Amino acid sequence: MRRHAQPRLQTTTLWHHPSQQYGDEQFGDPRYTGRTPAYVVWNVLERYTRPGDRVLDPFAGGGTAVDVARSMERVGLGFDLAETSAGLPRADARHLPLVSDSVDFVFMDPPYSTHVDYSEDGRCIGKLDAFEDAYFEALDGVFAEAWRVLRDRRFLAVYVQDTFVKKRGFVSIGAELYVLLRRRFRPVDHVAVVRGNRNLEKPNFHRAAAEGNFFLRGFNHLLLFKKEVD
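Residues numbered from 1 in each chain as written. Predicted model: local features only at pLDDT ≥ 70, side-chain atom pairs only at ≥ 80, totals over all residues. Heavy atoms only, no water.

## Concerning the packing of aromatic side chains
Item 1. The full count for this structure, using the stated rule, is seven aromatic pairs.
Item 2. A cation over a ring is seen here: Arg-168 above Phe-131, with NZ or CZ 4.2 Å from the ring centre. (Phe/Tyr/Trp six-rings, centres within 6.5 Å; stacked < 30°, edge-to-face > 60°. Lys NZ or Arg CZ within 6 Å of the ring centre and 35° of its normal.)

Following this line, the structure appears as structure tokens:
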């Protein structure tokens, strides 16, 4: 197996991750479309959790966050609406089979509008268009469930990308979700994570962006919040 650089703690609000993986271990299913960089998960868990903490990913997909949590001696809890090769329990992120105030950290990498076909299940949030209110209403339901299961004074991270569709325009998913999260949680910080995407190196992509007068997605949002009960 190829060895990747070991992770280092990021200390600014502009993060770079040199690869999808780190070290010698495989985190998550490499065949899963839209998988989360293990490097990003490691950084938030290193800062905001301790060994033995229960870490929840309600959009677990290929299982990257669960694998990273377990490698760091945390208890990884992952659910996904679709059946995945990771063999994780199936559940809607808006209705989790967990008791209230039972997890120490929530990490989520939700669908970015309809860019990836995750499931045939009609409840799948990935079937909802970010140009429509229903998409944000669904994610607000996810945030309500995250508040319910998260213990007081513990943290939540949301990793998400904006969307641009030719002839339709731009939606800042990150900004919209920040507003929704502020209604329930206290803001901690907002990080820009540079995307390690090989498509961004292709001249034809840049030529199309210049000719079409639009921008390629060069970063993801990492929104960091804390639950504080009044």
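After presenting the structure, the write-up continues.
## Here we look at the packing of helix α3 (residues 133-149) against helix α4 (residues 173-182)
Axes are the key here: two packed helices are described by the angle between their axes and the distance separating the axes.
Item 1. Two elements in contact, α3 and α4, have axes whose closest approach is 10 Å; the angle formed by their N-to-C orientations is 45 degrees. Here α3 lies oblique to α4, going by the angle between them. Crossing angle aside, the handedness with which α3 passes α4 is right-handed. Counted together, Tyr-135, Phe-136, Leu-139, Asp-140 and Phe-143 of α3 and Ile-173, Glu-176, Leu-177, Leu-180 and Leu-181 of α4 form the full contact between these two elements.
Item 2. In terms of residue class, the contact of α3 with α4 is made up of eight nonpolar, no polar and two charged. (Axes fitted to C-alpha atoms, helices over the stretch in contact; angles between N-to-C directions. Helix = DSSP H or I, 4+ residues; strand = E, 2+ residues; numbered from the N terminus. Parallel < 35°, antiparallel > 145°, perpendicular 65-115°, else oblique. Left-handed = near helix turned anticlockwise from the far one by under 90°. Contact = heavy atoms within 4.5 Å. Nonpolar A, V, L, I, M, F, W, Y, C, P; charged D, E, K, R; others polar.)

## A few points about the sheet that holds strand β3 (residues 75-78)
Item 1. On the basis of which strands lie adjacent, the open sheet formed by seven strands has the order β1-β8-β9-β5-β4-β2-β3 and mixed pairing. Looking at which strands have only one partner, the edges of the open sheet turn out to be β1 (14-16) and β3. Ignoring which end each strand starts from, the neighbouring axes of this sheet average 20 degrees apart.
Item 2. Where strand β2 (residues 54-57) meets β3, four bridges bridge the pair, whose relative direction is parallel. By the bridge assignment, Leu-56 is partnered in β3 with Leu-77.
Item 3. Across the sheet, helix α1 (residues 38-48) touches β1, β2, β4 (103-108), β5 (150-160), β8 (186-194) and β9 (219-226), and the angle it forms with β4 is around 155 degrees.
Item 4. Sheet strands touched by helix α2 (residues 64-71): β2, β3 and β4. Its angle to β3, the strand with the most contacts, is close to 170 degrees. (Pairing = 2+ DSSP bridges.)

## Thoughts on the packing of α1 against α2
Item 1. Taken N-terminus to C-terminus, the directions of α1 and α2 make an angle of 50 degrees; their axes are 9 Å apart at the nearest point. Judged by the inter-axis angle, α1 sits oblique to α2. The two elements α1 and α2 cross, and the hand of that crossing is right-handed. Residues Ala-38, Val-41, Trp-42 and Leu-45 of α1 lie in contact with α2, whose contacting residues are Thr-64, Ala-65, Val-68 and Ala-69.
Item 2. Class assignment of the residues belonging to the contact of α1 with α2 gives a composition of seven nonpolar, one polar and no charged.

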